[in-house]
Amino acid sequence: MCPANIVRLLYIDRGEKSENEFVFDWLSESKAEIEDRFGGQLEWDRDPKKVCIIKTRSPGDVFDRDQWETVIAFMTDAMCRLESAIKAPLRQVGEQVKNRATVA
């Protein structure tokens, strides 16, 4: 059996590749601050096709009932920490996106 991972992620897909990249690049400028607030390293994936993803993972198998308590604890903790770490920067980049739309 291959090793499994539990993944918690922020999926950036605003419909337009250029807008996704703008949001991702803007957030990545604050990468150190976001990761510091999160309390660990995150994986930053600027997909060349369209979407961008910021994620964290932990070893585990969601299909193994014996691991469910650990899986749920990881997913809940990671989700709360990611939301807390990224909430203010997302609000700021949202304003930047609005400003770009009114200028264009």
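Our structure is the block above this text.
All of the points below concern the structure found in this document.

Definitions and limits used
Residues numbered from 1 in each chain as written. Predicted model: local features only at pLDDT ≥ 70, side-chain atom pairs only at ≥ 80, totals over all residues. Heavy atoms only, no water. Core = buried A, V, L, I, M, F, W, Y, C linked by side-chain atoms within 4.5 Å. Buried < 20%, exposed > 50% of the residue type's maximum accessible area, 1.4 Å probe, protein only. Helix = DSSP H or I, 4+ residues; strand = E, 2+ residues; numbered from the N terminus. Contact = heavy atoms within 4.5 Å. Pairing = 2+ DSSP bridges. Axes fitted to C-alpha atoms, helices over the stretch in contact; angles between N-to-C directions.

1. Considering the nonpolar core
Ranked by size, the top nonpolar core spans 16 residues in total, and within it Ile12, Leu27, Ile34, Leu42, Trp44 and Ile54 carry the most contacts. Of all the secondary-structure elements, those providing two or more residues to this core are strand S1 (5-12), helix H1 (17-28), helix H2 (31-38), strand S3 (52-59) and helix H3 (68-103). Broken down by element, the residue count for this core peaks at five residues, all from H3. In this view, Ile12 contacts Asn20, Val23, Phe24, Leu27, Val51, Cys52 and Ile54; residues no more than four positions away in its chain are not counted.

2. A closer look at the sheet that holds S3
An order of S1-S3-S2 is seen for the three strands of this open sheet, with the pairing classed as antiparallel. Taken across any chain shown, the strands that pair with only one partner, and hence form the sheet edges, are S1 and strand S2 (43-46). Strand-to-strand twist in this sheet, taken as the mean axis angle between neighbours without regard to direction, amounts to 25 degrees. For S2 and S3, the ladder comprises four bridges, and the chain directions are antiparallel. By the bridge assignment, Asp45 is partnered in S3 with Ile53. Relative to S2, H1 is tilted by about 150 degrees, and along the sheet it contacts S1, S2 and S3.

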